[in-house]
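Topology and contacts: notes
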Amino acid sequence: MTARKRPLWRCPICGRTFVTRNMSHSCRRISVATHLAGKPPEILALYRFLHDRIRQIGPVTVDPQGRGIVFQVRARSIGLAPHARWIDMTLWLKRDVTHARVRKVDDYGALGRVLHFRITSEADVDPPLWRLMREAYAVGAQRATRS
Ligand SMILES: [Zn+2]
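So, a few notes on the structure that sits alongside this text. None of these values were measured; they are calculated from a predicted model. (Residues numbered from 1 in each chain as written. Predicted model: local features only at pLDDT ≥ 70, side-chain atom pairs only at ≥ 80, totals over all residues.)

Taken in spatial order, the six strands line up as β3-β4-β5-β6-β8-β7 in an open sheet, and their pairing is antiparallel. Of all strands in the sheet, those with a lone pairing partner are β3 (61-65) and β7 (102-107), marking the two edges. The average angle at which neighbouring strand axes cross in this sheet is 20°, direction not considered. Where strand β6 (residues 87-93) and strand β8 (residues 113-119) come together, seven bridges link them in antiparallel fashion. Following the sheet pairing, M89 is matched in β8 by F117. (Pairing = 2+ DSSP bridges. Helix = DSSP H or I, 4+ residues; strand = E, 2+ residues; numbered from the N terminus. Axes fitted to C-alpha atoms, helices over the stretch in contact; angles between N-to-C directions.)

Here's what the structure looks like:
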């Protein structure tokens, strides 16, 4: 069976689904509202903007976790963590990229990289970043990406 056809494993405790069986995770449930509580209106608007952009790419499951709100296609490949003055967005990509808003890269070797972007306004999502968001979505969908 190919990775694409393999059914997702569902955690019997929290019901979350994963590409890998017995995937280590926190079963704790947190609401999106918890992450947005107390944030200023411009951050709420920025969150809605980013959320809408992600949904424009294709269907996703929204999975709020301890450290942020994660967007799952098959795998979870896009994350948003709202703060008082910005939103940190993480994208799981399969290659090295450069972008002015990258502030940190976690290298997972053959699995790829998780890039951290600090987003302070809608204008930060420029065409190159929008392309990277779509690329991260494709990683989450486990479509063939360039190696
Ligand atoms: Zn669980």
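Still more to cover.
Here the focus is the nonpolar core. The nonpolar side chains of soluble globular proteins are, as a tendency, buried together. Residues L50, I78, M89, L91, M133 and A136 are the most contacted members of the largest nonpolar core, which totals 22 residues. The set of elements that each furnish at least two residues to this core consists of α2 (41-57), β4 (68-72), β5 (76-82), β6, β8 and α3 (127-140). For this core, the leading source of residues is α3, giving six residues. When near neighbours in sequence (up to four residues on either side) are disregarded, L50 contacts L80, I87, M89 and I119. (Core = buried A, V, L, I, M, F, W, Y, C linked by C-beta atoms within 7 Å. Buried ≥ 20, exposed ≤ 12 C-beta atoms within 10 Å, placed from the backbone. Contact = placed C-beta atoms within 7 Å.)

Relative to the assigned elements, F71 resides in strand β4. Residue F71 is classed as buried on the basis of its C-beta count, with 23 C-beta atoms lying within 10 Å. In this structure, F71 is in contact with I54, V60, V62, R76 and I78, ignoring residues within four places of it in sequence.

Strand direction decides the pairing type here: β7 and β8, joined by five bridges, are antiparallel. Looking at β8, one finds that D107 is bridged to R113. Where β7 hands over to β8, the hairpin turn is made up of five residues, of which G109 adopts a positive phi near 60°.

In terms of residue burial, β4 counts as a mostly covered element, since four of its five residues are buried. Sheet topology places β3 next to β4; five bridges connect them, and they run antiparallel. By the bridge assignment, D63 is partnered in β4 with V70. Counted between consecutive antiparallel strands, the loop separating β3 from β4 contains two residues. Note: β4 against β5, four bridges, orientation antiparallel. Counterpart to I69 in the pairing with β5 is L80.

Locating D63 in the fold gives a position in strand β3. For D63 and S24, which are 39 residues apart along the polypeptide, the C-alpha to C-alpha distance reads 15 Å. Other than its neighbours up to four places away in sequence, D63 contacts R16, V70, Q72 and R76.

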